[in-house]
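Notes for the structure review
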Amino acid sequence: MKKILLTLCFFGMIALPAMAQVSIHIDLEMEDFTFVMNNLPDGSGSTFDNCWSGNQGSSSLIDNTMKITVTDSHTGAPITQLIPEYSHYIEFHASEQQPYDYFYMCDGNSPSISRVWIYDFLENYSSPTGEYYIKGDISLPSGGFSTHAYTMQVVIFDNLLPHASQPCWVTMRSADINHDGIVDMADVGIFSQAFFGPGDPPEGDLNGDGAVNLADVGHIQSGMNNSCY
Ligand SMILES: [Ca+2]
Ligand SMILES: [Ca+2]
C-alpha cells in the first residue's frame, strides 16, 4: 500500500487548547510524489484510495491512503485527541504559471472553477499513537483536467490561524473533460479527437500515464452519464 505520510508537528493547538504558545510545523513525506486522481461529476471517482500512480508509461492503480502523525513539536509526544470542530481542509492550487488548467468542482449542482477544499477529511479524531488517517473515500465531484500537477496541501486552522503543510503534487483527470457537469457524447468527441489526433494531449490521457490509448477508453465508458445534477 502506497502511503503518503504527513507528519504534523505542532505545539499548543487542537488537543492542547490551554497552552498559550502556538508553533505549528507540518512536514510532509510521500512515496508517490505525483499521483493522478480520476474524478467524476458526482464524486464517485477515484480520488485518493484508488488513484493512479502517474508514472510515465506505467501508470497503475494505487492506494494513496494518507496518514498524518501529530506530535507536540517540543516534547515529541503524540497528540492523542483532535477536536473535530476545528477547521481543516485539503486545498488544491493550480500553478500560477498554468492559468489554463481546468478543475471544476460540482458545487450546488453546477460546475464552477475552484480551488478545491475538502473539509472534515479525517477518518479518526483520537489515536494513542498520534496517527490519523484521511478518509479513503473522500468525495471530490469535479470535471475538467489539469495539464500540469496541482499542489495539494493539508491546512489546519488554529484559532483562525491557518497552518499548511508543504505541498505535494497531484494531477486531476475527469471523464467530464469539458467540465459541464456531465459525461456525455460531447466528452466522447473531445476524447476521440485526442485519441485519433497527434501526440498525447492531457484531455485524452485519463489515467495520467502520458499516453492516450485504449487504457483511457475505459474511463470514458465507465463514466458515461455521470452527472453533477
Ligand atoms: Ca461533459
Ligand atoms: Ca493514458
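Residues numbered from 1 in each chain as written. Chains lettered and ligands numbered in written order. Predicted model: local features only at pLDDT ≥ 70, side-chain atom pairs only at ≥ 80, totals over all residues.

1. Examining the overall build of the protein chain
Helices and strands together make up the secondary structure of the protein chain, namely two helices and 15 strands. Sorting the 229 residues of the protein chain into buried and exposed places 39% on the buried side. Contacts in the protein chain between residues far apart in sequence, at least 24 positions, make up 64% of those at least 6 positions apart. (Helix = DSSP H or I, 4+ residues; strand = E, 2+ residues; numbered from the N terminus. Buried ≥ 20, exposed ≤ 12 C-beta atoms within 10 Å, placed from the backbone. Contact = placed C-beta atoms within 7 Å.)

2. Some words on helix α1 (residues 185-196)
The terminal C-alpha atoms of α1, which comprises 12 residues, lie 16 Å apart, in line with the 16 Å expected from a rise of 1.5 Å per residue. Summarising the contacts, the buried residues of α1 are in contact with α2 (214-223). (Expected span 1.5 Å × (residues − 1).)

3. Points about the nonpolar core
Counting 41 residues, the largest nonpolar core has Cys-51, Tyr-150 and Val-170 as the members making the most contacts within it. Listing elements by their share of this core, those giving two or more residues are β3 (34-39), β4 (51-52), β6 (66-71), β7 (88-93), β8 (102-107), β13 (150-158), β15 (168-174) and α1. Top element by residues in this core is β8. It accounts for four residues. Once you skip the residues sitting within four places of it in the chain, Cys-51 turns out to touch Phe-35, Val-36, Met-37, Asn-38, Ser-46, Ile-62 and Asn-64. (Core = buried A, V, L, I, M, F, W, Y, C linked by C-beta atoms within 7 Å.)

4. With respect to α2
Taken as a whole, α2 has its buried residues at Asp-216, His-219, Ile-220 and Gly-223. One side of α2 carries all its buried residues, which in axial view fall inside an arc of 95°. Exposed positions of α2 whose direction lies more than 90 degrees from the buried face are Leu-214, Gly-218 and Gln-221. Residues of α2 that are buried make contact with β3 and α1. Once α2 ends, the next one or two residues include Asn-225, with phi positive near 70°. (Arc of directions from axis to C-beta.)

5. Section: the confidence of the model for the protein chain
When pLDDT is averaged across the protein chain, the result is 76; 74% of the residues are at 70 or more. Looking over the protein chain, one finds the lowest element-wise mean pLDDT in strand β1 (residues 4-11), namely 39, and the highest in α1, namely 97. Residue range residues 1-24 is modelled with pLDDT below 50. Its contacts to residues more than four positions away, or to other chains, number 67 contacts. (pLDDT = per-residue confidence, 0-100.)

6. Remarks on the environment of Ser-126
By secondary structure assignment, the location of Ser-126 is in the loop between β10 (117-119) and β11 (131-133). Using a count of 11 C-beta atoms within 10 Å as the deciding quantity, one classes Ser-126 as exposed. Distance in space between the C-alpha atoms of Ser-126 and Ile-83 is 8.7 Å, their sequence separation being 43 residues. With near-sequence residues (within four places) excluded, Ser-126 lies in contact with Thr-80 and Gln-81.

7. Notes on the environment of Met-152
Along the chain, Met-152 falls in strand β13. Between the alpha carbons of Met-152 and Gln-166 there is a distance of 8.4 Å; along the sequence they are 14 residues apart. If we ignore the near neighbours within four places in the chain, the residues touching Met-152 are Ile-90, Phe-92, Pro-167, Cys-168 and Val-170.

8. A word on the environment of Trp-169
Take Trp-169: it is sitting in strand β15. For Trp-169 and Gln-153, which are 16 residues apart along the polypeptide, the C-alpha to C-alpha distance reads 8.8 Å.

9. Describing the pairing of β6
Residues in a regular strand project their side chains so that they alternate between the two faces of the sheet. Residue alternation in β6 divides its side chains into a buried set, Met-66, Ile-68 and Val-70, and an unburied set, Lys-67, Thr-69 and Thr-71. The sheet contact formed by β6 and β11 spans three bridges and is antiparallel. Bridging from a neighbouring strand, Ile-68 pairs with Tyr-132 of β11. (Pairing = 2+ DSSP bridges.)

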